[in-house]
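# Structural description and commentary
Listed below, chain by chain, are the residues.
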Amino acid sequence: KRNKKIFDALLTTSESVIIDNNINTIKKSPNSDIIGILSPSCGFCKKAFFNYKELIDKNVEVNLMFNINPDNPDNKYLKVCYFIINEFNLKGYSHTIQLLESWYKSSFEIDSWLKEKNYDAENIDTEKVYNQLKEMFVWCQDNTINYTPATIFKDKIYSTDLDISDLKFFIG
């Protein structure tokens, strides 16, 4: 697990992505080497988020984004994304990480979670958030990331042969 040569070999054979530091992500800094790609409906994303959170708690910069189609009105989880991105726009990175932690600790009961968070659709800047979610979704499509969770490390899609928790051994 801690063998740097194996890590580097797996990373070298991974697909490259086009990194655009201006892409709308949930970010503390545009220059992070790590991007975590999540979906609010993905059970596997729960573990991934908590691995990212462990890195964040150690002052590693991790940018996050959703891979969700904002043009799919049948996706009931869009409400969660709209709320979280809107809160990021209003209150910043740390608050958003707390919200994501709360979401992934929940049982994915959308209505009760949003009620607990005092969600009010009228307070959402719908157009701005739609554009942000669309940009994230198109970026994922352009880079053939059609699943979640996915991790980008530097400009490579992080190998599924490694656990996200292994990243802590190879950064810094």
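In what follows, the accompanying structure is described. (Residues numbered from 1 in each chain as written. Predicted model: local features only at pLDDT ≥ 70, side-chain atom pairs only at ≥ 80, totals over all residues. Heavy atoms only, no water.)

## Let's talk about the overall build of the protein
Across its full length, the protein holds six helices and four strands. If you list the helices and strands of the protein from N to C, you get α-β-α-β-α-α-α-α-β-β. By the compact-globule yardstick of 16 Å for 172 residues, the protein fits well, its C-alpha radius of gyration being 16 Å. In the protein, which comprises 172 residues, the proportion classed as buried is 47%. (Helix = DSSP H or I, 4+ residues; strand = E, 2+ residues; numbered from the N terminus. Rg over C-alpha atoms; globule rule 2.2 N^0.38 Å. Buried < 20%, exposed > 50% of the residue type's maximum accessible area, 1.4 Å probe, protein only.)

## Structural notes on the pattern of salt bridges
The full count for this structure, using the stated rule, is nine salt bridges. The salt bridge partner of E54 is K58, with a shortest N-O separation of 3.5 Å. Taken together, the salt bridges that share partners define one network made up of K53, D57, E101 and K105. (Salt bridge = Lys/Arg side-chain N within 4 Å of Asp/Glu carboxyl O.)

## Quick notes on the packing of helix 3 (residues 78-91) against helix 6 (residues 126-142)
Interhelical geometry of helix 3 versus helix 6 gives an angle of 105 degrees and a closest axis separation of 9 Å. One element, helix 3, and the other, helix 6, form an angle in the roughly perpendicular class. Note on element contacts: helix 6 touches helix 3 through T126, K128, V129, Y130, Q132, L133 and M136, opposite L78, C81, Y82, I85, N86 and N89. Here the residues of the contact of helix 3 with helix 6 are counted per class, giving eight nonpolar, four polar and one charged. (Axes fitted to C-alpha atoms, helices over the stretch in contact; angles between N-to-C directions. Parallel < 35°, antiparallel > 145°, perpendicular 65-115°, else oblique. Contact = heavy atoms within 4.5 Å. Nonpolar A, V, L, I, M, F, W, Y, C, P; charged D, E, K, R; others polar.)

## Brief notes about the pairing of strand 3 (residues 150-153)
Both faces of strand 3 are covered, namely the face carrying A150 and I152 and the face carrying T151 and F153. Here four bridges tie strand 1 (residues 34-38) to strand 3, and the two strands are oriented antiparallel to one another. In the strand pairing of strand 3, I34 is matched with F153. Of the strand pairs in this sheet, strand 3 and strand 4 (residues 156-157) are connected by two bridges, and their pairing is antiparallel. Pairing of I152 across the sheet is with I157, part of strand 4. From the end of strand 3 to the start of strand 4, which pair antiparallel, there are two residues, and K154 there has a positive phi angle of about 60 degrees. (Pairing = 2+ DSSP bridges.)

## Some thoughts on the sheet that holds strand 2 (residues 62-66)
Strand order in the open sheet formed by four strands is 2-1-3-4, with mixed pairing between adjacent strands. The open sheet has two free edges, formed respectively by strand 2 and strand 4, since each of these has just one partner strand. Each of strand 1, strand 2 and strand 3 is contacted by helix 2 (residues 43-57), which is oriented at about 155 degrees to strand 1, the strand it contacts most.

## Some points on the environment of K27
In this structure, K27 sits in the loop between helix 1 (4-12) and strand 1. On the accessibility criterion, K27 (22% relative accessible area) is partly exposed. K27 sits 62 residues away from N89 along the chain, and the two C-alpha atoms are 10 Å apart.

## Some thoughts on the nonpolar core
Counting 56 residues, the largest nonpolar core has F66 and L133 as its most contacted members. Examining the composition of this core, we find that eight residues originate from one element, helix 3, more than from any other. When residues no more than four places from it in sequence are discounted, the contact partners of L133 are F66, I68, P70, L78, C81, Y82 and I85. (Core = buried A, V, L, I, M, F, W, Y, C linked by side-chain atoms within 4.5 Å.)

## Quick look at the packing of aromatic side chains
One pass over the full model with this rule turns up eight aromatic pairs. Centroid distance F49 to F50: 5.3 Å. Interplanar angle 75 degrees. Geometry classified as edge-to-face. Ring plane angle 15 degrees and centroid distance 5.1 Å describe the contact between W103 and F108, whose orientation is recorded as stacked. For F108, a relative accessible area of 17% gives the class buried. Among the aromatic residues, ring-to-ring pairing joins F49, F50, Y77, F83, W103, Y104, F108, W113 and Y119 into one connected group. (Phe/Tyr/Trp six-rings, centres within 6.5 Å; stacked < 30°, edge-to-face > 60°.)

Scope: geometric values only; no functional claims are made or implied.
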